[in-house]
There are 2 protein chains.
Amino acid sequence: MRGPRYNPGMTAVFGHLNPDTDAITAALVYANLLRRQGLDATPYRLGELNFETAFVLREAGVDAPELLTSLPEGSAVALVDHNESAQSLPGLKGLNVTHVVDHHRLGDLETTQPATLRFDPVGCTATILLRLHLEANLPVEPLDARLMLSAVLSDTLHFRSPTTTAADREAVAFLAQVAGVQDVTAYALAMFAAKSDLGDTPASTLLKMDYKVFPFGAQKWGVGVIETTNPAYVFGRQAELLAAMQAEKGVSGLDGLVLSVVDILNETNRTIVTGESEAAVLGEAFAAVTVDHVADLGDRISRKKQIVPTLEAYFAR
Amino acid sequence: MRGPRYNPGMTAVFGHLNPDTDAITAALVYANLLRRQGLDATPYRLGELNFETAFVLREAGVDAPELLTSLPEGSAVALVDHNESAQSLPGLKGLNVTHVVDHHRLGDLETTQPATLRFDPVGCTATILLRLHLEANLPVEPLDARLMLSAVLSDTLHFRSPTTTAADREAVAFLAQVAGVQDVTAYALAMFAAKSDLGDTPASTLLKMDYKVFPFGAQKWGVGVIETTNPAYVFGRQAELLAAMQAEKGVSGLDGLVLSVVDILNETNRTIVTGESEAAVLGEAFAAVTVDHVADLGDRISRKKQIVPTLEAYFAR
């Protein structure tokens, strides 16, 4: 572990709250790229590693970045894999955002000064990070290649997600070679198995593993996702999860809270809804039928591309 | 002139209201780059050309892009050299922003979908557009080089502005070669002379030639700039300009309105203030003394880097 000392001239690089593999590896890789370009940059994480990310770092022999919970007002920060304040470090509006690399829609971000912003509509932040290396004529270090490869496989569910672009496929081919990963399919399956090995993780942790809060018009919704090769395990704990969802909805004053259980291998999404009101919204927005708190969302497996835009459009009506 | 026909599958590319040379040439060059990359893109302008830009296009033998005043809701647009709705096409919030290339701070822009955003903290949009060509391994066409060269010279006042970066200087060296412009200094002086040849332009037009509206906290201010090699001419028309400013302030419901007269060659800024309240703000924010409606802002010649940030900080107190 790197020391947690805070250096005021430093730029803190971090991905979103409830980090996934892309958020963690992007912080590591972008901080390294910025350092190679002469900036004093340090990677951080805004939450606990999920099992997939822990597997990726362990296999790569890389320590997790330090946990970051706050920064002094005015600190320089580089955001990766997110840009909305609701998904970022508390107090983001008082920080000095100097860099952003992201592949999500642009939300409520503002900068006080001209900044370096790079958004491309691709499946993964790592795909953009690879471009930044190539554009700067900087050779990709094998360790960074391995981290970026893992991120693309994770975010695109090894090309199963509709967010996948040609650039993501090309990135995987290039990065696998640099990283020396011979069997990409086997590596992706090992990542997904690690992610699905949820053991006795508390239900409240499962809910928050890949969880984001979105403003939909005047409403505030939480949308969690569990991507798994073993949905039966998750639905075996549905009662516990429902209780955790009801508690979270109350504590955080949400108007809606849903948890999409995505079967990675079969590419289906069965979403646990907290109550009647969420079932009604999903019924109208997706024509989804809800039975026993589970709404069948068919093959809509991408929160970013298929779930959130539809809910946004629904609440904008 | 290209035909003004509107094609629903087309992406409209445009710079800010009250366009300057960077806004106009960036629309032309980025539209051409997007077309070379397979997108159906058309350049537009959101207002009349200033004398400098008219000179640049005339010398290059290029027609001005069509004037655009509105687009159907949901139309795809690419913004260059701006991102804030107050400086853009009316109704921007209802349009589909798919691309942005800009060198200003990020303001109130949001996108409904992941988009292609490229912001770099350099002196000119053209410097970023040159990078986009080089990164895409696309040769820069000589006409585009001439337009981009003109934009960098204009935005940086041929490197006099503190917004100038090493990348802008390198861009000028590269672009002058591709464009076949041998004597860059002579070309820049000819541009600035054309800009300063204001003839019998109405005072209301002079005020709006390079004019932007900014939200400062709860207030709304207009900040105009006249960059000229002949400030004596402008101050010879101070009474007319003041009358135009007072009228504009009332009509547009502004809280403040100032007009910076920048002496390009001597690098000084004497700013005409509409009234007492503006004089008081400039006095506190810049320690500037105002005599007969003219505040001496010394060598602060950059609205973006020196005027607006200081006013923003002042109103944020």
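What you see is a predicted model; the values in this text were computed from it and never measured.

**Examining the side chain of B:Gln238**
All names here are of chain B. The residue Gln 238 is located in helix α9 (residues 238–251) in this model. Owing to a relative accessible area of 12%, Gln 238 belongs among the buried residues under this scheme. For Gln 238, the side chain forms a polar contact with the main-chain oxygen of Asp 292, separated by 2.9 Å. In this view, Gln 238 contacts Ile 272, Asp 292, His 293 and Val 294; residues no more than four positions away in its chain are not counted.

**Examining the UniProt feature "domain: DHHA2" (unreviewed entry) in chain A**
Within this structure's numbering, the places UniProt gives as "domain: DHHA2" (unreviewed entry) are residues 188–315 of chain A. Along residues 188–315 of chain A one finds 45% helix and 27% strand; the C-alpha atoms at either end are 36 Å apart.

**Quick look at the sheet that holds strand β6 (residues 116–119) of chain B**
An order of β3(A)-β2(A)-β1(A)-β4(A)-β5(A)-β6(A)-β6(B)-β5(B)-β4(B)-β1(B)-β2(B)-β3(B) is seen for the twelve strands of this open sheet, with the pairing classed as mixed. At either margin of the open sheet sits one strand with a lone partner, and together these are β3 (66–67) of chain A together with β3 (66–67) of chain B. Bridge count for strand β2 (residues 41–45) of chain A against β3(A) is two bridges, and the pairing is parallel. Residue pairing in the sheet places A:Tyr44 in a bridge with A:Glu66 of β3(A). Each of β1 (11–14), β2, β4 (76–80) and β5 (96–102) of chain A is contacted by helix α1 (residues 21–36) of chain A, which is oriented at about 175° to β2(A), the strand it contacts most. Here helix α3 (residues 125–135) of chain B sits on the sheet in contact with β6 (116–119) of chain A together with β5 (96–102) and β6 of chain B, set at roughly 105° to β5(B).

**Focus: the sheet that holds strand β8 (residues 219–228) of chain A**
All names here are of chain A. In spatial order, the strands read β7-β8-β9-β10-β12-β11; together these six strands make up an open sheet with mixed pairing. Strands at the two margins of the open sheet, each flanked by one partner only, are β7 (211–216) and β11 (290–291). In the sheet, strand β10 (residues 268–273) pairs with strand β12 (residues 294–296) via three bridges, with the strands oriented antiparallel. In the strand pairing of β12, Ile 272 is matched with Val 294. Those strands touched by helix α9 (residues 238–251) are β7, β9 (256–263), β10 and β12, and its axis lies near 145° from that of β9.

**A closer look at the relation of the copies chain B and chain A**
Copy one and copy two of the chain differ by a rotation about an axis and a translation along that axis. For the match of chain B to chain A, the screw axis carries a shift of 0.0 Å, the RMSD comes to 0.0 Å, and the turn is 180°. This pairing of chains is accounted for by a two-fold axis. Most of the interface of chain B is mirrored in chain A: 100% of its interface residues are interface residues there too.

**Notes on the pattern of salt bridges**
Applying the stated criterion across every chain yields a total of 31 salt bridges over all chains. Here B:Arg105 and B:Glu84 are joined by a salt bridge, their closest N and O atoms 3.7 Å apart. Taken together, the residues span a long stretch of sequence, with B:Arg105 in the loop between β5 and β6 and B:Glu84 in the loop between β4 (76–80) and β5 at a distance of 21 residues. With a relative accessible area of 17%, B:Arg105 lands in the buried category. For B:Glu84, a relative accessible area of 10% translates into the label buried. Among the charged side chains, a salt-bridge network with shared partners connects A:Glu84, A:Arg105, A:Glu312 and B:Glu110.

Parameters at a glance
- The residue numbering used here restarts from 1 in each chain and proceeds along that chain's sequence as written.
- Think of it this way: whatever chain is written first is A, whatever ligand is written first is 1, and the rest follow in order.
- Where totals are concerned, whole chains, interfaces and linings use all residues; where local detail is concerned, this predicted model gives features only for residues with pLDDT of at least 70, and gives and counts side-chain atom pairs only at 80 or more.
- Computation of side-chain values: all heavy atoms of the structure, hydrogens and water removed.
- Segments assigned H or I by DSSP are reported as helices when at least four residues long, segments assigned E as strands when at least two residues long, and all are numbered from the N terminus.
- With a 1.4 Å probe rolled over the protein chains alone, any residue whose accessible area is under 20% of its type maximum counts as buried; one over 50% counts as exposed, and the rest are partly exposed.
- Side-chain atoms alone can form a polar contact between residues adjacent in sequence; in general such a contact is a pair of N or O atoms within 3.5 Å, and within protein one must be able to donate a hydrogen while the other accepts it.
- Note on contacts: a residue pair qualifies if any of its non-hydrogen atoms lie within 4.5 Å across the two residues.
- UniProt positions are given in the numbering used here, feature names are shortened, and annotations may be inferred rather than shown by experiment.
- A pair of strands is treated as paired once DSSP finds two or more bridges between them.
- Every axis in this analysis is a line fitted to C-alpha atoms, fitted for helices over the stretch in contact. Angles between the N-to-C directions lie between 0 and 180 degrees.
- In superposing the copies, a least-squares fit is computed on C-alpha atoms, taking residues whose pLDDT is at least 70 in both.
- The term salt bridge refers to a side-chain nitrogen of Lys or Arg lying within 4 Å of a carboxyl oxygen of Asp or Glu.

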